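Listed below are the residues making up each chain.
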Amino acid sequence: MANCQNLFQEYHNDISIGSKKNERMKNSKEGLRKRITAWFKENHADYVPYFYIQGSYKMKNGIRTTEDICDLDDGIYFFREPDVSASTLKEWVAQAVDGYTTTAPENRKKCVRSIFANDYEIDHPVYYKVDGQEYKIAVKNVGFENSDPKAVVDWFVSKKDKDGRLLRNIKYLKGWADNQNFKMPSGLALTILATNAKELIVLNERDDITTRDILKEIKKELNKDFKCIVPAVPNDNLLENYANKEKFLEALDKFIVDADSAIRNTNQKEASKLWRKNLGYRFPVGEDKEDVSRNTAAATGAMTSYPFCYE
């Protein structure tokens, strides 16, 4: 059966955030932090912002989309009880970052987004924390809700394998999602689903086999109960109001069938076409060569692992 490990490695390198873009994002993050800190010092000195990188950037499983866009989540934390509404607090952040980019910031439901056109986005979710209470996120036109993104990151870090297989496979799932023509589950949902699946299988040394096995385990669990519970406060179900359930499950089924066929195929070029069908044009075309080596796991598909500082 064709071994596509080298193709997956090429694909991983292509969809990962490059060093130059990563450096630009870090510089923009620092620039925005200084701007926000200065704005609050001048306009609302009793609100002192602290920052914590979170989300996919912190977990190191972010990707570049086909439009070459990626994102960084930089949480803003106030260690005091707000005397204004959640919407007002978010509006203050929007005012603070306004003018940093040529594109006006977007005051979204759970974050303020700064858009660096055709390059990347930096999201600022806004939180507060007082002793004896949970972290609370400001939600536009709703209020403050319990939320602890740091605990999610800590959970994920505790589940990672030392060889980076889970990280790579989450990126592949995000690449697959980016290749669909409908709204897929969020990156966080895919991360949680894949991480939970990883606990129920034996990670193979080949990424193509591990990808197939993770997909199968995700489908198996979703067939039992179509849900994705955040493993930290607020422990909400990320699939509760997901509108494209049937499309997602259909796409998942197709990916599993093609993954099985690709792994059984003895010609690397033909196998790569099946992976490209799901992962998109950035997945490389393999060599037109036969590989009759066998891998037991592949053949059977068997299943069986106070304040925040600046950083």
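Fair warning: this is a prediction, and the values are worked out from it, not measured in the lab.

Parameters and conventions
- Residues numbered from 1 in each chain as written.
- Predicted model: local features only at pLDDT ≥ 70, side-chain atom pairs only at ≥ 80, totals over all residues.
- Heavy atoms only, no water.
- 1 Å grid on protein atoms, 1.4 Å probe; cavity = no way out; pocket = protein on both sides within 12 Å on 5 of 7 lines; lining within 4 Å.
- Points joined across faces, edges and corners; volume = space filled by probe spheres on them.
- Helix = DSSP H or I, 4+ residues; strand = E, 2+ residues; numbered from the N terminus.
- Buried < 20%, exposed > 50% of the residue type's maximum accessible area, 1.4 Å probe, protein only.
- Pairing = 2+ DSSP bridges.
- Axes fitted to C-alpha atoms, helices over the stretch in contact; angles between N-to-C directions.
- Left-handed = near helix turned anticlockwise from the far one by under 90°.
- Contact = heavy atoms within 4.5 Å.
- Nonpolar A, V, L, I, M, F, W, Y, C, P; charged D, E, K, R; others polar.
- Salt bridge = Lys/Arg side-chain N within 4 Å of Asp/Glu carboxyl O.
- Core = buried A, V, L, I, M, F, W, Y, C linked by side-chain atoms within 4.5 Å.
- pLDDT = per-residue confidence, 0-100.
- Phe/Tyr/Trp six-rings, centres within 6.5 Å; stacked < 30°, edge-to-face > 60°.

Engineer: Would you mind showing me how to read the layout of surface pockets here?
Structural biologist: Over the atoms, a rolling probe the size of a water molecule traces out where space has been left empty. One number sums up the size of the second largest pocket: a volume of about 260 Å³. Every residue lining the second largest pocket is counted, 12 residues in all, and those nearest its centre are Asn 22, Ser 56, Tyr 57, Lys 58 and Lys 60. In terms of residue count, the dominant contributor to the lining of the second largest pocket is helix 3 (residues 55-59) (three residues).

Engineer: Teacher, can you tell me more about the pairing of strand 1 (residues 50-54) here?
Structural biologist: Two faces belong to every sheet, and in a regular strand the side chains alternate between them. Strand 1 sits mainly inside the fold: four of its five residues count as buried. Looking at chain direction, strand 1 and strand 2 (residues 70-78) are connected through five bridges and run antiparallel. Residue pairing for strand 2: Gln 54 is matched across the bridge by Asp 73.

Engineer: Please explain the packing of helix 8 (residues 207-224) against helix 9 (residues 245-264) as it appears in this structure.
Structural biologist: A pair of packed helices is characterised by two quantities: the angle between their axes and the separation of those axes. At their nearest, the axes of helix 8 and helix 9 sit 10 Å apart, and the two run at 145° to each other. Considering only the axes of helix 8 and helix 9, their crossing is left-handed. Facing helix 8, whose interface residues are Asp 208, Ile 209, Thr 211, Arg 212, Leu 215, Lys 216, Ile 218, Lys 219 and Leu 222, helix 9 presents Phe 248, Leu 249, Leu 252, Asp 253, Phe 255, Ile 256, Ala 259, Asp 260 and Ile 263. Partitioning the contact of helix 8 with helix 9 into residue classes produces 11 nonpolar, one polar and six charged.

Engineer: What is the right way to read the pattern of salt bridges from this model?
Structural biologist: Charged atoms that come close allow side chains of opposite charge to pair. Per the counting criterion, the structure on display carries 31 salt bridges. In this structure, the salt-bridge partner of Asp 119 is Arg 24, at a minimum N-O distance of 2.9 Å. Taken as a pair, Asp 119 in the loop between strand 4 (112-116) and strand 5 (120-124) and Arg 24 in helix 2 (residues 19-43) lie far apart in primary sequence, 95 residues in all. Here Asp 163 and Arg 165 are joined by a salt bridge, their closest N and O atoms 3.8 Å apart. Judged by relative accessible area, Asp 163 falls into the partly exposed class, the value being 41%. A cluster of three or more residues bridged by salt bridges with shared partners is formed by Asp 14, Lys 21, Arg 24, Arg 64, Asp 68 and Asp 119.

Engineer: Would you mind showing me how to read the nonpolar core here?
Structural biologist: Soluble globular proteins tend to bury their nonpolar side chains together. Within the largest apolar cluster, 62 residues are counted, with the highest numbers of intra-cluster contacts made by Trp 176, Ile 218, Leu 222, Phe 248, Trp 275 and Leu 279. Residue contributions to this core peak at nine residues, all from helix 9. Setting aside its immediate chain neighbours within four residues, Trp 176 contacts Tyr 11, Met 184, Phe 248, Ala 251, Leu 252, Phe 255, Asn 278 and Leu 279. Residues Ile 36, Leu 72, Phe 78 and Ala 94 belong to the second largest nonpolar core, which totals 28 residues.

Engineer: How do you make sense of the confidence of the model for the protein when you look at a structure like this?
Structural biologist: Parts of the model with low pLDDT should not have their predicted coordinates read in detail. Summary statistics for the protein give a mean pLDDT of 94 and a share of 94% for residues scoring 70 or more. A low-confidence stretch, residues 302-311 (pLDDT under 50), is modelled with 34 contacts involving residues beyond four sequence positions or located in other chains.

Engineer: What is the right way to look at the packing of aromatic side chains in this model?
Structural biologist: What characterises a pair of aromatic rings is the spacing of the ring centres plus the angle enclosed by the ring planes. Inspection of every chain in the model, using the stated rule, returns 22 aromatic pairs. Ring plane angle 40° and centroid distance 6.0 Å describe the contact between Trp 176 and Phe 248, whose orientation is recorded as tilted. Of this pair, Trp 176 sits in helix 6 (residues 165-178) while Phe 248 sits in helix 9, and the two are 72 residues apart along the sequence. Just as Trp 176 is buried, Phe 248 falls in that class too. Ring centres of Phe 226 and Tyr 242 lie 6.5 Å apart, and the angle between their planes is 25°; on these two criteria the pair is classed as stacked. With Phe 226 in the loop between helix 8 and helix 9 and Tyr 242 in the loop between helix 8 and helix 9, this residue pair connects regions lying 16 residues apart in the sequence. When sorted by exposure, Phe 226 lands in the same class as Tyr 242, which is buried.

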